[in-house]
Amino acid sequence: MDVNKTWKRKIIAALGAVFAGTLTFMPFGTAEAGLSEEIPVFESGVRLEAPAEGAEKLLENRTQKKFAYAARAEESFEDYLVSRLYQRQAQINVSSYGITVDAMSDVFYTMLYRHPELYFVSTRLSYSYNPVNGNVTILTVRYLEKTPEERAQNQAKLQEETAKLLAMIDEDMTDLEKIIVVHDYLCLDVEYAYAELQNGTLSDDAHTLKGAVIDKRAVCDGYSNAFTYYMQLLGIPCRMVTGTAQSDHAWNQVELDGKWYLVDLTWDDAVWDDYGYAGHEYFLKDAAYFQQTHAWETSGLEACDDAFYNEGFWNDTDAQMVYHEGGMYFIRNDGKLYRHDFAEDEITEPGTLVAEIGGRWGVVGNENVFYKGNYVKLAARGQKLYYSMPAGIFTCGFDGNGQKQFLAADTSQGYVYGMKLTGDALYYQTAEVAHTETRAVYESRIDAAHSMEKAEITLSQTGFPYNGEEQYPSVTVKMDGLTLEENRDYKLTWSYPLGGIGTAAFAVSGIGDYEGTAVGTYQITESEEGEQPGDGETNPGGDENKPGEDGNPGEGGNKPGEDGSPGGDESDSGGDGTNLGEDGNQPGGSETNPGGNEPQPGGSRPGENVDPPRGNQPSGNTSGSGMDSKPKPASVKAPAKVKKLSVKASSPRKVRVSWKKQSCDGYRIQLSLQANFKKIAKTVTVRGGKSAKKTVSGLKEKKKYYVRIQAYRQVNGKRVYGTFSKKVKVRTK
């Protein structure tokens, strides 16, 4: 009997105790003694208020004067702030952006919400401000990494993990196929930190990208942050959603072909975790489906009202699905191996039967009684599928042929309920029942002759000085004295450091007779001249008031009253922040001390002194402030219709698409076997407006396809699409 769903909900319900502490956004140097803004947080680390939209949108300050953040400089406020946080600047000059004390916390947490990669930024923030107009001048930020070594180690690990995941993404995959791969990978790679929740040792990292991707132990918002992070890297719009699901909870909504769907990785993972388990009950569902078990505030979120994927074929599998050459392989819960072809099969149908796998899991101690359901786990490496059975691990080809036992399992502690591949290591778990804390773990090695883990990989250079552009070394791959050829024997995948300085990673993945993936790194260091990301950019604080490398404001700048924002030594808060200048309008004090006091800590859990984890952002009206804190929607013009579309059959099951490039952020290509495009056979997203051609593979042989393309612009995580081009028909080889 598969008890996962019932057991999982019982566990989630047990995690709903509300923590009574507060997250304090504490100003220092304020004219009003004791002024602070308190945002309630909960033990799960999720704030229940609906998120604000984008920090680059419009907000209205106390005087009802509107400021567009990007209008004051070429950089938007969000881009400016994120670049300084990447550099770990302790103090950041924000004087020219005209953001009031009342608005700053909402803007800051919106930025963290939209950038899960900023896991190292503390949610405790202090600031100084100009008491004349109420605008914040300096942000003082705390960082969670205590030493440069810790920072370097975390960054290197994040880049390596990112490169490994991106290596699993084929350039010809549709967005749907990419979403499936990322969803299932995270279900396998991350374990729900239930033990830590039970014994009270849950770390703040468990709520962040670091917990999920680096530590591989997380709770709901850790899963959600990781999913958002990977979707953003793949150019797929995605957001975190917070609300309740028998307790405080976080999940995601993701855009697919212009419509939005809900995904809950936490509820699709198992507690306790079985290797290879990936549920799909809460994958790409509409709001009506989720509302049976989840509740949330919809303000600021996209409507998820399309039920097209509610009955997707993946509902019938609780194991990882494997992508291979245009098809998705999966073990259905009846023990049968199928290949689903998105270009041919209905989304509700399993597709083509590949092999009868079977398998029955007996009750330990009573071998004549068997549990209902199926617990086969699936993985792939090279040209082989690996699958688990009660007493062993087996392999077969992608055509289902050549089934044979890879190893006989040690069943002294129970039957095999979990299996996964990590590099050339195969791990399996045995237990008396599924999803139990008491499990035995075993490891075996896959000794392949052409394994990338055995390759000799050298770089033309192992480091570059930062120059403001992405830099990549040449890679040479040798095996058994033979130099391999890129895109024939292996493919390269890159993960570049956020902010431009630090560790970059690459993955070398085998093709054809070569299998496995090897990961390496190289360094981008500060140049000898001390150039850093952000240097030489438009100065947000006035022509002369350029923030220094440590974020402290320089000299000069605009005076209060000239443009509504403070600048330089005439407006920066100093001392205790209440000392006014000679004219009674300008704060006095030291120009290098933004507030005169150390940042004040916010609330903490009983017996702890920790930074509360972040979740969604508050929205709504700020009582008594005269300010509507809900961002006003930005007006975005859709890109023009794409012209000169050309499609040619290049090789079996592939077509070459080209078009006239235009000003945009990317393109979406759709292929259909029907002239009216009622059913889409394949959708391919091309990121970047500079592209003008794309090879689409994974099509059916000797079939007539209709092809069309549209351009899009991406603003605040949302794509704005232009009109589709004229359709072109082509027959594949």
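About the criteria used
Residues numbered from 1 in each chain as written. Predicted model: local features only at pLDDT ≥ 70, side-chain atom pairs only at ≥ 80, totals over all residues. Heavy atoms only, no water. Helix = DSSP H or I, 4+ residues; strand = E, 2+ residues; numbered from the N terminus. Buried < 20%, exposed > 50% of the residue type's maximum accessible area, 1.4 Å probe, protein only. Contact = heavy atoms within 4.5 Å. Areas by Shrake-Rupley, 256 points an atom, 1.4 Å probe, with all protein chains shown as cover. Pairing = 2+ DSSP bridges. Axes fitted to C-alpha atoms, helices over the stretch in contact; angles between N-to-C directions. Salt bridge = Lys/Arg side-chain N within 4 Å of Asp/Glu carboxyl O. pLDDT = per-residue confidence, 0-100. Expected span 1.5 Å × (residues − 1). Left-handed = near helix turned anticlockwise from the far one by under 90°. Phe/Tyr/Trp six-rings, centres within 6.5 Å; stacked < 30°, edge-to-face > 60°. Lys NZ or Arg CZ within 6 Å of the ring centre and 35° of its normal. Core = buried A, V, L, I, M, F, W, Y, C linked by side-chain atoms within 4.5 Å.

When helices and strands are counted, the protein shows eleven helices and 44 strands. Within the protein, buried positions represent 57% of all 733 residues. Within the protein, contacts between residues separated by at least 24 positions form 61% of all contacts whose residues are at least 6 apart in sequence. Summed over its atoms, the accessible surface of the protein is roughly 29600 Å², and 46% of this surface lies on carbon and sulfur atoms.

Further remarks concern the sheet that holds strand E21 (residues 378-381). Taken together, the four strands give an open sheet; going across it, the order is E21-E22-E23-E24, and neighbouring strands pair in antiparallel fashion. Bordering the open sheet on either side are E21 and strand E24 (404-408), each of which pairs with just one other strand. Here the strands of the sheet are splayed against their neighbours by 30 degrees on average, with no regard to which way each runs. Pairing between E21 and strand E22 (residues 384-389): four bridges, direction antiparallel. Each residue of the ladder has a partner; that of leucine 378, found in E22, is tyrosine 387.

Turning our eyes to something else, we now look at the pattern of salt bridges. The tally for this structure, following the rule as stated, stands at 26 salt bridges. One salt bridge connects arginine 114 with glutamate 78, and the closest N-O pair in it is separated by 3.0 Å. Of the two residues, arginine 114 sits in helix H3 (residues 101-114) while glutamate 78 sits in helix H2 (residues 77-86), which places them 36 residues apart along the sequence. Among the ionic pairs, lysine 164 bridges to glutamate 161, the shortest N-O distance being 3.2 Å. Linking lysine 164 with glutamate 161, this pair stays in helix H4 (residues 148-167), spanning three residues, or about one helical turn.

This part is about the confidence of the model for the protein. When pLDDT is averaged along the protein, the result is 77; 74% of the residues meet or exceed 70. Summarising per-element confidence for the protein, the mean pLDDT is lowest in strand E3 (residues 58-60) (25) and highest in strand E13 (residues 283-285) (98). Within the model, pLDDT remains below 50 along residues 1-74, and this stretch shows 242 contacts once partners closer than five positions in the same chain are excluded. Counted against residues more than four places away or in other chains, residues 530-634, with its pLDDT under 50, gives 290 contacts.

Before going further, it helps to examine the sheet that holds strand E27 (residues 440-445). Judged by pairing direction, the sheet is antiparallel, and its three strands sit side by side in the order E25-E26-E27 without closing on themselves. Every interior strand has two partners, whereas the edge strands, strand E25 (415-422) and E27, have only one. Averaged over all neighbouring strand pairs, the angle between strand axes comes to 20 degrees, with direction disregarded. As judged from the six bridges shared by strand E26 (residues 425-431) and E27, these two strands associate in the antiparallel manner. What sits directly across from alanine 425, in E27, is arginine 445.

When the terminal C-alpha atoms of H3 are compared, their 21 Å separation across 14 residues agrees well with the 20 Å that a helix rising 1.5 Å per residue should span. Buried residues dominate H3, accounting for 14 of its 14 residues.

In this section: the packing of helix H5 (residues 175-189) against helix H8 (residues 220-233). For the pair H5 and H8, the least separation of the axes is 11 Å and the interaxial angle reads 145 degrees. Our pair here, H5 against H8, has a crossing hand that is right-handed. Here Lys178, Ile179, Val182, His183 and Leu186 of H5 lie close against H8, whose contacting residues are Tyr223, Ala226, Phe227, Tyr230 and Met231.

All right, on to the packing of aromatic side chains then. The way to describe two aromatic rings as a pair is by their centre distance and the angle between their planes. Tallying each qualifying case throughout the model produces 36 aromatic pairs. Centre to centre, the rings of tryptophan 251 and phenylalanine 290 are 6.4 Å apart; their planes meet at 40 degrees, and the pair counts as tilted. In this pair, tryptophan 251 sits in strand E11 (residues 248-256) while phenylalanine 290 sits in helix H10 (residues 287-290), placing the two residues 39 residues apart along the sequence. Members of the aromatic cluster, joined through ring pairs, are Tyr261, Phe283, Phe308, Tyr309, Phe313, Trp314, Phe330, Tyr338 and Phe342. Its end group placed over the ring of tyrosine 721, arginine 668 keeps NZ or CZ at 3.9 Å from the ring centre. Between arginine 708 and the ring centre of phenylalanine 724, over which it is positioned, the NZ or CZ distance is 3.8 Å.

So, on to the nonpolar core. Residues Leu139, Phe227, Leu284 and Trp314 are the most contacted members of the largest nonpolar core, which totals 84 residues. The element contributing the most residues to this core is H5, with nine residues. Residues within four places of phenylalanine 227 in sequence aside, it is in contact with Ile179, Val182, His183, Leu186, Cys238, Asn252, Val254, Val263 and Leu265.

Of all six residues in E22, five are buried, a share of seventy percent or more. Between E21 and E22, which follow one another and run antiparallel, lie two residues, and glycine 382 among them has a positive phi close to 60 degrees. Where E22 lies against strand E23 (residues 392-397), six bridges are found, and the strand directions are antiparallel. Residue pairing across strands places serine 388 opposite isoleucine 393, the latter belonging to E23. The hairpin turn running from E22 into E23, its antiparallel successor, is two residues long.

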